[in-house]
Structure formats: C-alpha cells, structure tokens
Amino acid sequence: MADILTPALGESVSEATIAKWTKKVGDAVKKDEVLVELETDKVSLEVVAPADGTLAAINAGEGDTVVPGTVLGQVSEGGAAAASAPAAEAPAAAAAPAAAAGGASVDVAVPTMGESVAEGSVGNWLKKSGDTVAKDELLVEIETDKVAVEVSAPEAGVLTINVESGAAVTPGQVIATISASGAAAPAAPKVAATPASAAAPAASGAHLSPSVQRVVSENNLNPSSIAASGPKGNITKADAIAAIGAASAAPAPAAPSAPRELAPREERVKMTRLRQTIARRLKESQNTAAQLTTFNEVDMTNVMALRAQYKEQFEKAHGVKLGFMSFFTKAVVAALKEIPAVNAEIDGTDIIYKNHYDIGVAVGTDKGLVVPVLRDADTLSLAGIEKGIGALGKAARDGNLKMEDMQGGTFTITNGGTYGSLMSTPILNAPQSGILGMHNIVQRPMAINGEVKIRPMMYLALSYDHRIVDGKEAVTFLVRIKQLLEDPQRALLDL
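What this report covers is the structure whose coordinates are included nearby. All of these numbers come straight from a predicted model, not from anything done at the bench.

What to know about empty space enclosed by the protein
Regions of empty space are outlined by a rolling probe, equal in size to a water molecule, passed over the atoms. Per the stated rule, a full pass over the model turns up four cavities of 30 Å³ or more. Taken as a whole, the largest cavity encloses approximately 70 Å³ of empty space. Around the largest cavity sit V67, P68, G69, T70, V71, V108, A109, P111, E150, V151, S152 and P154, which together line it. The set of elements that each furnish at least two residues to the lining of the largest cavity consists of β9 (105-109) and β13 (148-152). Ranked by residue count, the leading element in the lining of the largest cavity is β13, at three residues. The residue inventory of the lining of the largest cavity, partitioned by class, reads eight nonpolar, three polar and one charged.

Quick look at the structure:
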C-alpha cells in the first residue's frame with residue numbers, strides 16, 4: 001500500500017478542504033495522475049498518485065478539512081484486478097474506508113517534516129493501543145531539531161501503536177495503525193458511535209496538543225472552560241494563554257490539600273531534539289568565533305513620539321500595528337550597508353561579503369528559541385517589515401515554520417526587552433558575524449544640554465566575531481544605529 005498524503009500547504013497555511021476526488025475506490029490509477037484537488041484560503045493544490053495501482057481507499061471525503069501529512073487515501077501497488085473486484089462488489093467502501101475488506105487497517109504515517117529534515121523523535125502519545133479514536137483527533141507530535149509536527153488520526157477506529165515515544169522515525173514511516181473493531185456489516189453504526197464516544201474526553205483534554213497541554217498543566221487550567229478557536233473545535237495554544245488571564249482574575253481556589261513534601265525534589269526529563277540542537281549550536285558558536293560584545297544606549301523619545309503620533313493612521317492604512325522592530329530593522333540595514341563586515345561571514349580562509357540583507361528575528365516559543373529569517377529586509381517598507389515579522393512570529397509559536405524559513409540569515413536581532421531584560425550579551429547565530437540585542441525601555445535621568453531630564457532609554461548590545469569585525473567597526477555600527485533611532489527622520493532622508 002502507498003499512502004496518499006496531504007502535502008505542505010504553504011507558509012502560515014495550516015489546513016485545506018477537499019474539493020474533489022477525480023477517481024473512486026477500485027479505479028486503476030497511474031503514478032503522478034491527479035487524484036484529488038485541495039483548496040486553502042490562499043491557493044488550490046493537486047495531489048497525485050504516489051504509484052501505479054488501484055485506488056484502494058478514500059479516507060477523507062469531499063468537504064472534509066485536512067492538515068499536512070493527513071493520509072487522504074491509499075493506492076494498492078500492482079494487483080489491480082484483485083483490488084478492483086471487491087470495490088465493484090462493495091462501492092460503499094469509499095464512504096467507510098475503515099471497514100473496507102472486512103475491517104482493514106489504515107496506516108498512521110510520519111508526515112514530511114521539512115526540507116533536509118531526515119528524522120524526528122516521537123513525542124508522548126495522547127492515546128494508547130486499544131483506545132478508540134476519532135477522525136482528525138490529535139495522536140502525537142513528531143519533534144525535529146527545528147519544529148514539531150502534529151500527527152492526527154486519518155480515520156476513526158481503534159488505535160494500535162507501532163513505535164513508542166522517544167523513538168527516531170523518518171518521513172513516511174508507519175508509526176501506528178487504525179482499524180475497525182468489527183466486521184464490515186456493523187461498520188456503519190460503529191462510525192456513528194465513534195465521534196460520540198470521543199466527545200467526552202474532549203472536555204477533559206484528550207484532544208490537547210502537547211504544547212497546549214503544557215500550558216494547561218503549568219497554569220492549572222480547566223480545558224472545559226477554555227474557548228476553542230482551532231480547527232475541528234480544538235484548543236490552540238493562543239486559546240490556553242488567553243485563558244490564563246481569565247483564570248487569574250477568578251477567585252482563588254482553596255489551598256491545595258497535597259502536602260508540600262510529596263513533590264519530587266528532582267525530575268529528570270530528556271531534552272527535546274530542538275533543545276539539543278540549540279545547546280549544540282550555541283556551544284559551537286562560542287568555541288568557533290572570537291566573540292566580543294560592545295554596548296551603547298539609545299534615547300527612544302523620538303521613535304516613541306513618532307509611533308504614538310501615527311500608530312492609528314498606520315494601522316488603518318496597512319492593517320498592521322506599528323512597532324519598534326521595523327525601526328530597528330531599518331536602522332540595522334542602514335548600518336550593515338555602511339559596515340559590510342558585520343554582514344559577512346568567514347569560510348575557511350575566505351570572507352564572504354553579503355550584498356543582501358536577510359535579517360533573522362529571534363522568537364521565543366514554549367519549545368525553545370528559533371530564528372526565522374525576514375528576507376530582503378532592505379526592500380521592505382516599515383509596514384512590510386511589521387507584516388513579515390508578525391507572520392514569522394505566529395508561524396514560530398504555532399509550530400508551522402519550515403526549514404527554509406530559518407536558513408540563510410545574514411544578521412540577527414534579538415529582543416530580550418519583551419521579557420524585561422535590562423542588559424545581556426547575546427551569542428552569535430553562526431556562521432553570522434553579528435547579532436544585535438535589544439533590551440527593556442527604562443525611564444532614567446539623563447543630562448540633556450546641562451539639564452537633568454527623564455528619558456526612555458534602552459541599552460543596546462552588539463556581539464560580533466572579532467576575527468572579521470574590528471572594534472572600531474563594531475562601535476561605529478552601534479553608534480550608527482543609535483543615531484538613526486534617536487533621529488528617525490535621518491532614515492527617511494537617507495542620511
């Protein structure tokens with residue numbers, strides 16, 4: 001059997017609707033022949049046959065919503081005559097594939113995990129073997145060194161797990177099967193009963209993804225009280241985070257009955273692949289580059305005044321809020337053009353100077369720090385930068401980043417100020433030669449023209465590779481950013 005999988009749907013597109021099947025169960029198909037058309041809110045996609053053979057099963061019908069990696073159906077390779085005969089005798093199998101061939105199983109396969117990602121690790125299963133599952137119910141997350149991919153049930157039925165949590169898997173590998181628990185005759189009533197039986201655990205968190213489950217557990221939230229906005233009525237991470245504020249405003253519950261001494265003094269947890277990769281890359285960066293950090297401070301008065309004056313008009317005109325990141329990105333690009341060594345990298349005994357400005361923007365997620373890349377930032381307006389950074393941040397927090405979204409950056413900006421950081425020394429994102437650290441804006445007394453005035457000040461930190469960037473260049477780079485932010489009109493006049 002060859003699975004027909006839902007392909008990647010594009011940046012920030014998480015689901016699609018089946019528009020039309022061009023074949024029915026039992027039909028002979030040829031490799032690369034179009035079998036099904038998918039529609040998203042952006043584009044229409046065609047899914048082709050993975051091999052020559054017979055269309056043996058259709059797992060998702062027209063109008064159903066599917067996500068990348070969902071098994072849409074199966075093609076039996078070779079033996080077309082044998083497969084088509086039962087289909088002719090029982091054409092209703094297209095509507096109830098789980099009961100086809102007297103209760104045949106449907107494979108749960110590892111989806112495509114992104115370009116150049118060869119393997120991942122199986123996370124904690126949300127169900128166990130023998131449990132009844134509903135179609136599209138979340139079963140497990142596959143963790144890679146960059147992203148986590150959710151795997152849902154392609155069909156309703158009984159789950160059999162083939163690969164345990166923690167095991168390494170590859171794209172296309174079958175990690176579980178789902179089968180009807182009875183003969184073909186009672187399949188119709190079983191399909192009707194399965195969603196009803198799966199509805200009860202939904203209120204108690206059976207359909208929560210691991211990232212959502214973590215937020216719920218750490219904040220003692222009741223899943224049944226969280227308003228769900230995700231597909232199929234699932235609770236998203238954003239829903240759970242929004243519920244934290246509501247829970248904190250509610251009356252405090254009675255003191256916990258469990259005695260404090262029952263809590264474990266230590267807990268050993270295996271690092272995720274993403275955390276292992278972060279640790280390895282940061283240490284490699286420290287060991288490889290001659291890292292040094294230089295500091296300066298910027299008076300944010302004029303940028304904040306400009307933002308306050310135009311933020312409402314800006315949002316109405318462009319459909320996005322005006323933040324500080326667009327000003328910093330513009331200033332960084334201007335400084336990189338003036339000091340090209342900070343936008344370069346070392347390759348052996350060569351220096352590679354980049355004439356493009358792809359800015360990495362560090363984003364903190366519940367699984368760790370990721371750095372998606374804003375391409376050709378020098379060609380973008382303030383609105384374009386805000387939209388691009390917003391889309392990348394959302395994709396990072398939702399776990400929808402692709403490998404290509406995080407590759408090829410020439411310089412990185414990290415904003416510790418969102419967490420209240422006053423000052424830090426960021427570590428280089430190898431093989432880049434520079435990273436700018438933004439920090440918290442603090443009201444401080446400053447000497448202005450012989451007078452003490454209170455000004456909103458931010459410390460800036462530039463960590464750089466001293467092998468390629470000299471101290472004079474690093475200081476000049478940071479001073480240039482300071483000048484552009486304290487007098488933002490300079491950027492408009494290209495001064």
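So, next bit.
Some thoughts on the sheet that holds strand β15 (residues 168-169)
Pairing within the open sheet is antiparallel, and its four strands lie in the order β13-β12-β10-β15. The open sheet is flanked by β13 and β15, the only strands paired with a single partner. Pairing analysis gives five bridges linking strand β12 (residues 138-143) to β13, with the strands arranged antiparallel. Each bridged residue has a counterpart across the sheet, and for I142 the counterpart in β13 is V149.

What to know about the packing of helix α8 (residues 325-338) against helix α10 (residues 471-486)
Direction vectors running N to C along α8 and α10 enclose 140°, while the axes themselves pass 9 Å from each other. Overall, the two elements α8 and α10 adopt an arrangement that is oblique. As α8 runs across α10, the sense of the crossing is right-handed. Of α10, the residues touching α8 (which contributes F327, F328, A331, V332, A334, A335, L336 and E338) are T476, F477, R480, I481, L484 and L485. Split into classes, the residues belonging to the contact of α8 with α10 amount to 11 nonpolar, one polar and two charged.

So, how was this worked out
- Residues numbered from 1 in each chain as written.
- Predicted model: local features only at pLDDT ≥ 70, side-chain atom pairs only at ≥ 80, totals over all residues.
- Heavy atoms only, no water.
- 1 Å grid on protein atoms, 1.4 Å probe; cavity = no way out; pocket = protein on both sides within 12 Å on 5 of 7 lines; lining within 4 Å.
- Points joined across faces, edges and corners; volume = space filled by probe spheres on them.
- Helix = DSSP H or I, 4+ residues; strand = E, 2+ residues; numbered from the N terminus.
- Nonpolar A, V, L, I, M, F, W, Y, C, P; charged D, E, K, R; others polar.
- Pairing = 2+ DSSP bridges.
- Axes fitted to C-alpha atoms, helices over the stretch in contact; angles between N-to-C directions.
- Parallel < 35°, antiparallel > 145°, perpendicular 65-115°, else oblique.
- Left-handed = near helix turned anticlockwise from the far one by under 90°.
- Contact = heavy atoms within 4.5 Å.

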